[in-house]
Amino acid sequence: MAAPAHRSVRIGLTGGIGSGKSTIAAILQARGAQLIDTDAISRSLTARGGAAIDTLRAHFGAAAINAHGALDRRWMRERAFANAGVKRDLEAVLHPLIGARCDELAAAAAGQPCIVFDVPLLVESHRWRMFVDRVLVVDCPFEVQIARVMRRSLWQREQVQSVIAQQAPRAVRRAAADAVIDNRVDDLAELQANLEALWRLWLPSP
Ligand code: ATP
């Protein structure tokens, strides 16, 4: 089905930690998509002077904010991982602010052929699935995710595993997809070719 000419095609890009979302987002951006990165929005909301800082301090106490005035991400992550209630409270503060910022950025990008929303937890959120036209899932085996995250950061295997355990199972993510990109092989040329084929399918030239 061709996209209506007057409206951007909204692609929700999602996948587990280290699966390759940012890599794919960069390729789609180079191809002409407008990128809206919800992790980057979340980081700016929780940086010094960010719109979420006062509410987070009021909610979780002064210990949640570090000496530079930003959210102490490690402090918060440890508590949110250990306690589902804390995770929910944190999401209740951040998600509406992230949603509002996405709305603003999407409005500013109106008229672009394609907007890609990079949303790690898209499948977990009914609201996100309603907000986008297509769900693009990047998929790879756990061992590849673990190896990539360990290679990229100083994280231990157990730390990556615990994040994976908190995210949607691969099968659930795949079931919610309009398209799945298999990114198990470290081959950027192949990834680029697959994305080019998808772009032509979803954004046919007029
Ligand atoms: P996170 O969930 O942590 O934000 P992500 O899903 O955005 O991760 P990326 O940052 O794109 O994943 O990829 C993780 C690492 O794997 C990066 O160092 C990236 O360069 C590398 N990588 C991903 N896909 C490929 C590929 N096809 N070929 C080579 N390297 C890749």
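Below: a short report on this structure. (Residues numbered from 1 in each chain as written. Predicted model: local features only at pLDDT ≥ 70, side-chain atom pairs only at ≥ 80, totals over all residues. Heavy atoms only, no water.)

### A few points about helix α4 (residues 73–82)
Quick reminder of the rule: A simple rule labels every residue: compare its accessible area, found with a 1.4 Å probe on the protein chains alone, to the largest value its type can have, and call it buried under 20%, exposed over 50%, or partly exposed in between. A run of H or I in DSSP counts as a helix once it spans at least four residues, and a run of E counts as a strand once it spans at least two, with each numbered from the N terminus. The directions considered for the arc are those from the helix axis to the C-beta atoms. Should any heavy atoms of two residues lie within 4.5 Å, those residues are considered in contact.
Where α4 is concerned, the buried positions are W75, M76 and A80. With its buried residues spanning 120° around the axis, α4 presents them on a single face. Exposed and facing more than 90 degrees away from the buried side of α4 are R74 and A82. Against the buried residues of α4 lie α3 (53–60) and α5 (84–108).

### Side note on the site of the ligand
Operational definition: The rule for a residue being near a molecule or strand is that one of its heavy atoms must lie within 4 Å of it. Any N or O atom pair separated by 3.5 Å or less is treated as a polar contact, with the protein-specific requirement of one donor-capable and one acceptor-capable atom, and with residues adjacent in sequence counted only for side-chain atom pairs. Shrake-Rupley sampling with a 1.4 Å probe provides the accessible areas, and residues are treated as covered by the protein chains on show and by no other component. Note on residue categories: nonpolar means Ala, Val, Leu, Ile, Met, Phe, Trp, Tyr, Cys or Pro, charged means Asp, Glu, Lys or Arg, and polar means any other residue, Gly included.
The ligand sits among 16 residues. The nearest are K21, S22, T23, R152 and N183. Within the backbone of S19, an N or O atom sits 3.2 Å from an oxygen atom of the ligand. Take G20: an N or O atom from its main chain is 3.0 Å from an oxygen atom of the ligand. Out of a free accessible area of 630 Å², the ligand has 79% covered by protein chains. It is helix α1 (residues 21–31) that provides the largest number of residues to the shell around the ligand, a total of 3 residues. Split by residue class, the shell around the ligand holds 4 nonpolar, 7 polar and 5 charged.

### Remarks on the pairing of strand β5 (residues 179–182)
Stated precisely, the cut-off is as follows: At least two DSSP bridges between two strands are needed for those strands to be called paired.
Across the two faces of β5 the burial differs, with A179 and I181 buried and V180 and D182 not buried at all. Bridge count between strand β4 (residues 134–139) and β5: 4 bridges; the pairing is parallel. What sits directly across from D139, in β5, is D182.

### Remarks on the state of the cysteines
To keep it simple, the criterion reads: Cysteine sulfur atoms that come within 2.5 Å of each other are treated as a disulfide pair.
All chains considered together, the criterion is met by 0 disulfides. In this model C114 remains outside any disulfide bridge; the closest cysteine sulfur is found in C102, 14 Å from its own.

### Description of the packing of α4 against α5
Selection rule: Axis definition: a line fitted to C-alpha atoms, over the contacting stretch in the case of helices. Angles run 0 to 180 degrees between N-to-C directions. We call two directions roughly parallel when the angle between them is under 35 degrees, roughly antiparallel when it is over 145, roughly perpendicular when it lies between 65 and 115, and oblique otherwise.
Contact geometry for α4 and α5: axes closest at 5 Å, N-to-C directions at 125°. Here α5 runs oblique to α4, going by the angle between their axes. When α4 is examined against α5, the residues M76, R79, A80 and A82 are found in contact with a partner set consisting of A84, V86, K87 and L90. Residues of the contact of α4 with α5, tallied by class, amount to 6 nonpolar, no polar and 2 charged.

### A look at the side chain of D139
Note that D139 resides in strand β4. Given the relative accessible area of 7%, D139 is considered buried. A distance of 3.2 Å separates polar atoms of two side chains, one belonging to D139 and the other to R174. Residues within four places of D139 in sequence aside, it is in contact with R170, R174, V180, I181, D182, N183 and R184.

Geometric values such as these leave the question of function open.
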